[in-house]
Amino acid sequence: MDKLLIIDGNSIAYRAFYALPLLSNSSGLHTNAVYGFTTMLMKLIEEEKPTHFLVAFDAGKITFRHAHFAEYKGGRSKTPPELSEQFPLIRELIEAFGIRQFELDGYEADDIIGTLTKEADQLGRQIVVVSGDKDMLQLASDHVTIALTRKGVSEVDRYNPGEVNERYGLTPLQIIDLKGLMGDTSDNIPGIPGVGEKTALKLLHEYGTVEEVLAHADQIKGKLGEKVTEHAESAKLSKELATIFREVPMGTEWNEFAYEGWKSTKLKELFRKLEFKSLLDKTDFSTGQSEAEELEPVYEEPAVPVRILHTEDELAQLIDVLADVTGVYVEVIGDNPHQAEVIGAAFHTAACGFYVPLAALRGTSERAQAVRAYLGDASTKKVVYDLHRIDIALRWSNVALRGVTFDVLLAAYLLDPTESGLTLSSLAAKHGVGVLAADEEIYGKGTKFRLPEETVLAAHICRKAEVTARLAEPLAEHLKNSGMEPLFYELELPLSGVLADMEQQGIAADAKTLKRLGESLSARLEELMNRIYALAGVEFNINSPKQLGEVLFEKLGMPPVKKTKTGYSTDAEVLEKLAPYNPVVEQILNYRQLAKLNSTYIEGLLKEIRPETGKVHTYYKQTIAATGRLSSQYPNLQNIPIRMEEGRQIRKAFVPSEPGWHILAADYSQIELRVLAHISKDKNLIEAFLHDLDIHTKTAMDVFGVGQDQVDANMRRQAKAVNFGIVYGISDYGLSQNLNITRKEAAAFIEQYFAVFQGVHQFMEDIVKEARQDGYVSTLLGRRRYLPDITASNFNLRSFAERTAMNTPIQGTAADIIKLAMVNMAERLRQEKLQSRMLLQVHDELVFEVPEHEVALMKQLVPEVMEQAIKLDVPLRADVSEGLDWYDAK
DNA sequence: GAGCTCACG
DNA sequence: ACGTACGTGAGCTCA
C-alpha cells in the first residue's frame, strides 16, 4: 500500500529552530534547525517507511490570502537571520535525502498539502502530514493522518478524526470554526477578541459552526453575546482565512513523489560540512543507496605516482630528489605524542610521492642516514602539518627534525584560533586544494581502528604530504594579509621547538611522595564516606551527582538552590548554601575535595610517571586555546593544586631530576592588569603600576573612596573580584554572582570603578565597537580572534561575544608576552651555555630545574628575561622563588 | 559520549 | 526580559 509522507517545511524549520539551542559549526554557520530537520527526517523514514515523500514550502511573498486581508501574518515577527541562513541548507539536506520538494508561487505549504490530501481522500490513498501547525487538523480524515510535533521536533502526536474528536470534541472541519472564533495572534487572524480556546469550544459544542454561533448571538448571555455580535464580521473573515485552500493547480502526478532512498555520498558530504559528527558515526549510509553512487570515490588519490621505499636501494630514488621536496608528512598514531607510534613519513615532490616506513627511516644504511640528515638539517626548508606533535614523536624515535619553515596546522590556527577541527582533510577542503580522505575513512575509529595494507596506507600518507605542500602557499598568503607573519615566523614557529625541548625533558615526579599522600587520603576518604552514610541515613554513591541530589533534596528535603539541564545542581556553590541545613553537607564538600585530589592528582599523576625515568612528560597544545594560550595534557600540569594547602602538598612530588638541583619558579605579577593598563592607556592604572602599588588595595581605595589604611580585608577582596571581572569582560550579573551581592550593588561597584578608571571604560566600549566593525579583535602581537556573534540578535550570544571582545586582547596579549619570554629564555640558556632547564609553563609562570651553582644567576636572569620580553607603558614584574621542590619554590 | 564537577591561571 | 563572569583538561557517572 502506498503511503505519502508530506512535511510542512516552513513549520518544521521554525519548530526545529526554536526547539534546539543555537548550535553552530566551527565556521560559525548556525545549524540547529538543519539538525532538527535531519533527525526528524531520519526518524520518519525509519518509522513511517513512506513509499512517497514530499516537503512542501511556502512560496512568494504575496499569497492569495494577503489579497483578502492585508494584515494577514502581519503580527509575525521577521524571520531571525540565524534561521534564514539555514533555509538553503535545509533545501540541500532534503535534496541529499532524495526527497522531492515542492512550492508554488502565491501559495502556502498548507494549500499544497490541502490539495494533495483532498486528492488522497478522493482516490483512497494514504497520507501522513507532519507539521507543527494545529490548523492542519482540519485535513484529518480516514485516509489522512496529521502528525503534530509535540515537544521539539522529536516526537509527534498523530491525529485521525477520532483523535481530533477526543481532544477537542470537534470534527476536523470544525477546527476551522475554532480558529475563526479564537483567532491566531501569530498569523494575525483576529477572531473574536476575548474568546480563547475554552470559550470557543463551548460555543462550538453548542452551535456547531461560526455561522450558527453568529445566528444565535442573541441567545448568548452577557458580555460574550455582545462581543460575538460586535465582531461577527471579524469571525467570518477569520474563518475564511483559517480555511486551507484545497484547489491548488498542482500539475503533478502522484508518482513524481515516489521515494527511493537517500543519496549517501551527498548526505555524508553535507553532514561533514555541517559537522554532524554523531550522525556521521551513527548513520548507516548504505540504505537506499544507488549502486553507481556508492562506487564514486569520496576522496582523491595522490596526483603523482607513489613509491614505497623499504630498502637501501629504493631509498636512493628519494635521496636524489630531496631538494625538490615541497611537503613532508609524518604519520603519528595515538593521542599522546610522547607515546605515539610513528608509522612512517611521506615526501612530496612535483613528480612523485615517496613513502618511507619508520623501519626504513631508522635504518643504519648510509641512505637511511641521508634521509635523516635531511630531516635534521636546519638549512633545508620543510613544510609540514603539526610540527610540534611530529617533532615530539620523532624525538622518541631518535629522529631529529629541524628546518621546518612552515606548519600548515599552526598557520591555520593563527588564522582562526576558534576553529575546532583543523584536520588536514578539512583544511584541504576549505582552501580548495583537493579532497583528502579523513583518517577515519582509511583507518576506522575506536576499536575498529586498523592500518590498511601498505599500498593504501602509502597512498593516503603521500596524499597528505601533497595536500600539505599545496596548502602552504595560500595559508602563508593569508598570514601575510592578516599581518601575522612576525607572530607566526618569529614567535609561534620557534616556540614549537622550545616546547618540544621542555616536554622531552619532562619533570621528575616522586611516586613515593604521591603514594604517601594517597594513603592518607584514602584513609580519610573511607572515614568520610562512613560518616556521610551515617548522617544521611543511607548508603549511596557520593560521586554520582544524581544520587547525591536525590539524597539531599528528596530524602533529606533540602531546598534545591540551582538546577542543571538534567536535574539538581550539587556543585560546591550549592553545597555551601546548604551547609547550615545538615552537617552532612560539609562532609560531602570535604569528601569531594579529597576525592578529586586522590583520583586526579594522585592516581592520575602516578599513571603518567614513566617508570624508566621517574618523569612525567606533558604535552602542550599550541593550537587549541582561542586566546593564544597553551594548554597542557597527559598529564595537565597547568592545574596542579595550589589554592588549598591540602592540595598544594601535591607539589612536593615535583622535584629536580638531578641530585642537588633546585626547582625555580618565576611568575608575572598582575600581568593581565598591566596589559590592560597598557592597551587602555588608563592614566590611573598606569600610575598605579609605575608605583608598583598593590593593585587590589589601590582599586579598593579608589572604588570605596578611602585611604590606604582604611581598606580592610573585605574591601580588598571585593576590589579584587572587580578587577577579575574587568579582565573577564565585566557584567553586573557576573560580579553579583561572584561576590554574592545584588545585581544593583554590583552595578554600583562597576560604575564607581569606571568613574575612576575612565580609560578602562573607554577601552571596553571601543573594543566592542572595533569587534563589531572588523569582525575580530587582536592582541598586541596581532593575534586575532573572530567574533561572529558580536552582531547576533540573541542577547546571550551577543553578550558573550562582547565579553570575549574585552577579555581576549588582555588574556591573549599576556599569552603573547610569556611566549616571547620563553623563546628568549631558551635562547639565553643556550647562548650562556647554562645547564638549567626550562620545564613548565603555567600561563603566567615558568618553572625551571637549576643546578646549585646556577641558582643565584638564574634568580637574576629569569625575571630579567621575563620582564624585558616586551616594552609596555608600564613595567612588567616577575617574582622568583626557589626550593627543593615545586611546593618549596613559593 | 555527554553532562557534571572541579583543579588551575 | 534576557541570565554568564574569561580560558583550559580530567575523572566520574550514566545512558
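Residues numbered from 1 in each chain as written. Chains lettered and ligands numbered in written order. Predicted model: local features only at pLDDT ≥ 70, side-chain atom pairs only at ≥ 80, totals over all residues. Heavy atoms only, no water.

Looking at an unreviewed UniProt entry, one finds chain A named DNA polymerase I, with Paenibacillus albiflavus as its source organism. Its UniProt record gives chain A the following Catalytic activity (unreviewed entry) comment, quoted word for word: "DNA(n) + a 2'-deoxyribonucleoside 5'-triphosphate = DNA(n+1) + diphosphate". You can read under Sequence similarities (unreviewed entry) in the UniProt record for chain A the words "Belongs to the DNA polymerase type-A family." (UniProt positions renumbered as here; feature names shortened; annotations may be inferred.)

Details of the pairing of strand β21 (residues 837–841)
Counting buried positions over the five residues of β21 gives four, a clear majority of the element. Relative to strand β22 (residues 845–850), β21 runs antiparallel, the two being bridged by four bridges. Paired with Met838 across the two strands is Phe848, which belongs to β22. The turn joining β21 and β22, which pair antiparallel and follow one another in sequence, is formed by three residues; a positive phi near 70° is taken by His843. (Buried < 20%, exposed > 50% of the residue type's maximum accessible area, 1.4 Å probe, protein only. Helix = DSSP H or I, 4+ residues; strand = E, 2+ residues; numbered from the N terminus. Pairing = 2+ DSSP bridges.)

So, the packing of helix α19 (residues 387–396) against helix α24 (residues 485–505)
Where α19 meets α24, the axes come as close as 9 Å, and the angle between the chain directions of the two elements is 35°. Every pair of crossing elements has a handedness; the one defined by α19 and α24 is right-handed. Contacts from Leu387, His388, Asp391, Ile392 and Arg395 of α19 reach α24 at Leu493, Ser496, Gly497, Leu499, Ala500, Asp501, Glu503 and Gln504. A per-class count over the contact of α19 with α24 returns five nonpolar, four polar and four charged. (Axes fitted to C-alpha atoms, helices over the stretch in contact; angles between N-to-C directions. Left-handed = near helix turned anticlockwise from the far one by under 90°. Contact = heavy atoms within 4.5 Å. Nonpolar A, V, L, I, M, F, W, Y, C, P; charged D, E, K, R; others polar.)

With respect to the packing of α24 against helix α37 (residues 795–831)
Packing of α24 against α37 brings their axes to within 9 Å, and their N-to-C directions diverge by 65°. Considering how the two elements wind past one another, α24 and α37 form a crossing that is left-handed. Of the residues in α37, those touching α24 at Leu491, Glu492, Pro494, Leu495, Val498, Leu499 and Met502 are Asp816, Lys819, Leu820, Met822, Val823 and Ala826. A class-by-class count of the residues in the contact of α24 with α37 yields 10 nonpolar, no polar and three charged.

Overview of the nonpolar core
By size, the foremost hydrophobic cluster in this structure holds 188 residues, and its most contacted members are Phe347, Phe406, Tyr668, Phe848 and Met858. Grouped together as the second largest cluster of nonpolar side chains are 47 residues, Ile112, Met136, Met250 and Phe257 included. (Core = buried A, V, L, I, M, F, W, Y, C linked by side-chain atoms within 4.5 Å.)

Focus on a negative patch on the surface
Judged by side-chain charge, Glu765, Asp766, Glu770 and Asp774 come together as a negatively charged surface patch. Positionally, Asp766 belongs in helix α36 (residues 758–774). (Patch = residues over 30% accessible without salt bridge, like charges linked within 9 Å, V, L, I, M, F, W, Y side chains within 5 Å. Areas by Shrake-Rupley, 256 points an atom, 1.4 Å probe, with all protein chains shown as cover. Salt bridge = Lys/Arg side-chain N within 4 Å of Asp/Glu carboxyl O. Lys, Arg positive; Asp, Glu negative; His and termini not counted. Charge placed at Lys NZ, Arg CZ, Asp CG, Glu CD.)

Structural notes on the pattern of salt bridges
Within the structure shown, the criterion is met by 36 salt bridges. Close ionic contact of Glu331 with Lys464 constitutes a salt bridge, the shortest N to O distance being 3.0 Å. With Glu331 in strand β8 (residues 327–333) and Lys464 in helix α23 (residues 454–481), the pair connects residues that are 133 residues apart, well separated along the chain. A residue is classified by how much of its surface remains accessible, and Lys464, at 2% relative accessible area, is buried. With a closest N to O distance of 2.9 Å, Arg837 and Glu658 form a salt bridge. Here Arg837, found in strand β21, pairs with Glu658, found in the loop between β17 (654–655) and β18 (662–668); they are 179 residues apart in sequence, far enough to count as distant. Classification of Glu658 as partly exposed rests on a relative accessible area of 30%.

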